[in-house]
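Take a look at the letters that make up each chain.
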Amino acid sequence: MARRRAANGKRKPRRRQGRWHLRRWLLGVVVLGVLVSAAHVAWLDHRVSTEFEGKRWAVPARVYARPLELHVGRPLDAQTLLAELRAAGYRPVERLQGPGQYTRSGQRFGIHTRAFRFWDGREPAQRLELQLADGHVATLHDPRSGAGVDLARLDPAPIGGLYPAHREDRILVQLEEVPRPLVEALLAVEDRGFPDHFGISPTGIARALVANLQAGRIVQGGSTLTQQLVKNFFLNADRTLWRKANEAVMAVLLELRYSKAEILEAYLNEVYLGQAPSRAIHGFGLASRFYFGEPLERLDVAEQALLVGMVKGPSHYNPRRHPERARARRDLVLDRMVAVGYLSPAEARAARAAPLGVIEEGGGAGRDYPAFLDLVRRHLQRDYRAEDLTSEGLRIFTTLAPATQEQAEAAIIRRTAELGSDVQAAAVVVDTDDGEVRALVGGREPRFEGFNRALDASRPVGSLIKPAVYLAALERSDAYGLGTRLEDRPVTLQNESGQEWRPQNYDGEFRGDVALWEALAHSYNVPTVRLGLDVGLRATVDVMRRLGLRVPDTVYPSLLLGAVEQTPIDIARAYTTLASGGYRMPLRSVRAVTTAEGEALNRYPLSVERAFAPEPVFLVNHALRRAVTEGTARGLGRWLPADGSIAGKTGTTDDNRDSWFAGYRGDTLAVVWAGRDDGGDTGLTGSSGAMTVWGEMMAGVPVRRSPPRPPEGIEVVWIDPASGRRAAAYCEGAVQLPYVEGAAPGAAAPCVEESNVVDRAAGWFRRWLD
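This is a predicted model, so every value here is computed, not measured. One numbering rule holds for all chains: residues counted from 1, following each sequence as written. Residues qualify for local features only when their pLDDT is at least 70, as the model is predicted, and side-chain atom pairs are given and counted only at 80 or more; totals for whole chains, interfaces and linings, by contrast, use all residues. Excluded from the side-chain calculations are hydrogens and water; all other atoms, namely the structure's heavy atoms, are used.

This part covers the UniProt feature "domain: Bifunctional transglycosylase second" (unreviewed entry) in the protein chain. UniProt positions are given in the numbering used here, feature names are shortened, and annotations may be inferred rather than shown by experiment. When the UniProt feature table is mapped to this numbering, "domain: Bifunctional transglycosylase second" (unreviewed entry) covers residues 70-154. Numbering of helices and strands runs from the N terminus; a helix is a DSSP stretch of H or I covering at least four residues, while a strand is a stretch of E covering at least two. The span residues 70-154 is 12% helical and 40% strand by assignment, and the distance between its end C-alpha atoms comes to 8 Å.

Further remarks concern the layout of surface pockets. Taken as a whole, the largest pocket holds about 1600 Å³ of empty space. Grid spacing is 1 Å over the protein atoms alone, the probe is 1.4 Å, and a cavity is where that probe fits but cannot get out, while a pocket is an open set with protein on both sides within 12 Å along at least five of seven lines and lining residues have an atom within 4 Å of a point. Together, 45 residues line the largest pocket, and Ile 171, Leu 172, Arg 289, Arg 395 and Ala 596 are the ones closest to its centre. At the level of secondary structure, the elements contributing two or more residues to the lining of the largest pocket comprise strand S1 (61-64), strand S6 (116-118), helix H7 (260-270) and helix H8 (283-292). Think of it as three bins: nonpolar holds Ala, Val, Leu, Ile, Met, Phe, Trp, Tyr, Cys and Pro, charged holds Asp, Glu, Lys and Arg, and polar takes everything else, Gly as well. Classifying every residue of the lining of the largest pocket by side-chain character gives 21 nonpolar, eight polar and 16 charged. Grid points are joined across faces, edges and corners, and a volume is the space filled by probe spheres set on the points.

What follows is about the packing of aromatic side chains. Planes of paired rings set the category: under 30 degrees apart is stacked, over 60 is edge-to-face and the rest tilted, where pairs are Phe, Tyr or Trp rings (Trp by its six-membered ring) whose centres lie within 6.5 Å. Evaluation of the coordinates by the stated rule reveals 13 aromatic pairs. Taken together, a centroid distance of 5.3 Å and an interplanar angle of 75° make the contact between Tyr 64 and Phe 116 edge-to-face. Here Tyr 64 is found in strand S1, whereas its partner Phe 116 is found in strand S6, with 52 residues between them in sequence. Relative to Phe 234, the ring of Phe 233 has its centre 4.8 Å away and its plane inclined at 70°; by these criteria the two rings are edge-to-face. For Phe 234, a relative accessible area of 6% translates into the label buried. The rings of Tyr 64, Phe 116, Phe 118, Trp 119 and Phe 397 are connected pair by pair, giving a single aromatic cluster. Seen from the ring of Phe 118, Arg 153 lies directly overhead, with NZ or CZ sitting 3.8 Å from the centre. Only protein chains enter the accessibility calculation, which uses a 1.4 Å probe; a residue is then buried when its area is under 20% of its type maximum, exposed when over 50%, and partly exposed in between. We count a charge as sitting over a ring when the NZ of a lysine or the CZ of an arginine lies within 6 Å of the ring centre and within 35 degrees of the ring normal.

In spatial order, the strands read S12-S14-S13; together these three strands make up an open sheet with mixed pairing. Only two strands of the sheet have a single partner each, and these edge strands are strand S12 (168-170) and strand S13 (272-276). Mean inter-strand twist for the sheet, computed between neighbouring axes without regard to direction, equals 35°. The pairing of S12 with strand S14 (residues 279-282) spans three bridges and is classified as parallel. By the bridge assignment, Arg 170 is partnered in S14 with His 282. Contacts are assigned to residue pairs that have any heavy atoms within 4.5 Å of one another. The axes used here are C-alpha line fits, helices contributing only the stretch in contact, and every angle between their N-to-C directions lies in the interval 0 to 180 degrees. The sheet contacts of H8 involve S12, S13 and S14, and relative to S14 the element is tilted by about 115°. Think of it this way: DSSP has to see at least two bridges between two strands before they count as a pair.

Under the definition given, this model contains two cavities of 30 Å³ or more. Computed from the structure, the largest cavity encloses a volume of approximately 70 Å³. What lines the largest cavity is a set of 13 residues, and nearest its centre among them are Leu 68, Glu 84, Ala 88, Asp 155 and Ala 157. The residue makeup of the lining of the largest cavity, split by class, is 10 nonpolar, no polar and three charged. Its boundaries defined by the atoms lining it, the second largest cavity holds a volume of some 50 Å³. As for the second largest cavity, its lining consists of Leu 464, Ile 465, Pro 467, Ala 468, Leu 547, Leu 549, Ile 571, Ala 574, Tyr 575 and Leu 578. When residues of the lining of the second largest cavity are traced back to their parent elements, those giving at least two are helix H16 (466-474) and helix H20 (568-579).

The subject of this paragraph is the pattern of salt bridges. We define a salt bridge as a side-chain nitrogen of Lys or Arg found within 4 Å of a carboxyl oxygen belonging to Asp or Glu. Taken as a whole, this structure holds 49 salt bridges when the rule is applied. For Asp 667, the salt bridge identified is with Arg 438, shortest N-O distance 3.1 Å. Here Asp 667 is found in the loop between strand S29 (658-665) and strand S30 (668-675), whereas its partner Arg 438 is found in strand S17 (residues 437-441), with 229 residues between them in sequence. Judged by relative accessible area, Asp 667 falls into the buried class, the value being 4%. Among the salt bridges present, the one from Arg 573 reaches Asp 570, with a minimum N-O distance of 3.2 Å. Here Arg 573 and its partner Asp 570 are both found in helix H20, three residues apart, which amounts to about one turn of the helix.

Printed below as a string of structure tokens:
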């Protein structure tokens, strides 16, 4: 017993000691846990306060097309007007009831424009009625007063944005701008207790917990609007307990720091509501434009209910892809609004009877034009930082003409499908009056945001370079004119290492002598090389520079046949100088930039300088028009009338690797390239490839046409094609050609000399009889 007591006496202190250590350890763990939790909550609070303050979102720059201006006499057909209205998100209706709508009866249109803040002021909404006739606006007036309208400007089509890396897009709205029924619908469906809870809803959590325990996994959220905002704004969509715990804590912290109104406004701007091809649609402000082409304040209750219904699953309830599913969800939202008392049963019945009203994708909220936006981005990088372009919500007014862009894309898609599965194409369309880029396509898949061939495909240009050679010659009017005879006989050139080059015509034939205009119109190689060597490579290179083309460091005679690489936009710049009569102007894609509030930041006005005298440019253009009526581009007659209004040039490179066509009609110039990305043989010439795209595209583009007028200092004379000498109208085969005044050939053609002999003989005979 004594030993047991002694033993027990020793164990009791040890047990007490053990329990004491255990309690200390547990207490330490608890204290440590509290400290860690407190630190974690403090860190979460720091995140909430720092990330929710100030600018909460990187708002992309919003990019607009050029506004469609209407006035009597403007070239415009019904298809073009419809394309412009579609791009701007206008809806066809039976009777105009508000802005953003149009009616059509044959060639007569009624349009209710939207109010819009341009870079130069605000344009009010107005009703218009216009009549089209013969491809022009015949009448334009206000249908209410009957008064004629001199000029009307439609609100421009949104054509995309310059997005941050995460490619989120949104239009910020303030809470007071959001229709009350939309807010009520949101609360009725997503969080009835929002006005009263403190960020989390214990009943909702309990309900979700039971459902999740029964399912053995997380199947239900039960989150409040505040929790949803926290998840979307701060966290992610992972379904883990750790994320849910953080979400709950941050929701409470958010409610402690900010008002209900601030939280609700943030939710309305943050929520994800759909996916466009290259961007995510966030917030009700953008979703309203994306699905209905209208600002939020113009949506009716049914449309607001549809947007609210999509919060649960924007893809699952996408009204464009799943209209029946979306309609059922919309009707459920309307029922909930009735149940809560936000809507009367009669109002709900009327809303349920309404169509979904969703517009075609791309109208109203911006269709993606990645190649053109690439050009815009490069333009603006000279004046703006990349982060400003993607986060400050700038408004960028560009030069893109949606109908022309649509026509260019359609022509490339259709023609490349016929030209071959591996054939790519690019196009640039320019207004020759002001150098504005109306359309730009970077490949056969215009929506694909990849290699921009219009800007970056630097390829040999073949015969597109020839106008530079002929312009260099025609600037020397004392030596060359359109009727000058050029030798078309074999020629051999030898470089310093003894290598020989024997240029050939495309058909392998030699024609003896040909007229200068004929050599350019038919794109003969050998006369061009001989002319270029006579004029001098230095003179040709000088003309290339003045046209705006890039010149290689080392120049060889093969340059005269286009052994020099340029991009389609380079060629467009050069040919715009020809089309404008010798004025060089930088091609523009941006007219102006404003802040999100409309304050003007930059304007990009027209800038021109004379690079060539008008007379030699007119002569080159004459030869290029002859190329279309009787030369290598005469196949354009399949799409357009051969009335002498089109000037153009084909280009083909060795082994048919590249197919080019550059041409202009009226006030519109277009350049098309077709070829393979690997530089392989396409089997296409300029006329069988790129020209067919050009013809199909330009056939649908209304242009401001005016007959080519010769500048002062040009005279038209009769020329004998066989001798290149001065002829007369009665000479067989004589042609009329323009010349710089005083530079036409002085020597008379044989027919004129013969006529003179006969005249002299007749005169002598008359005098003898007298």
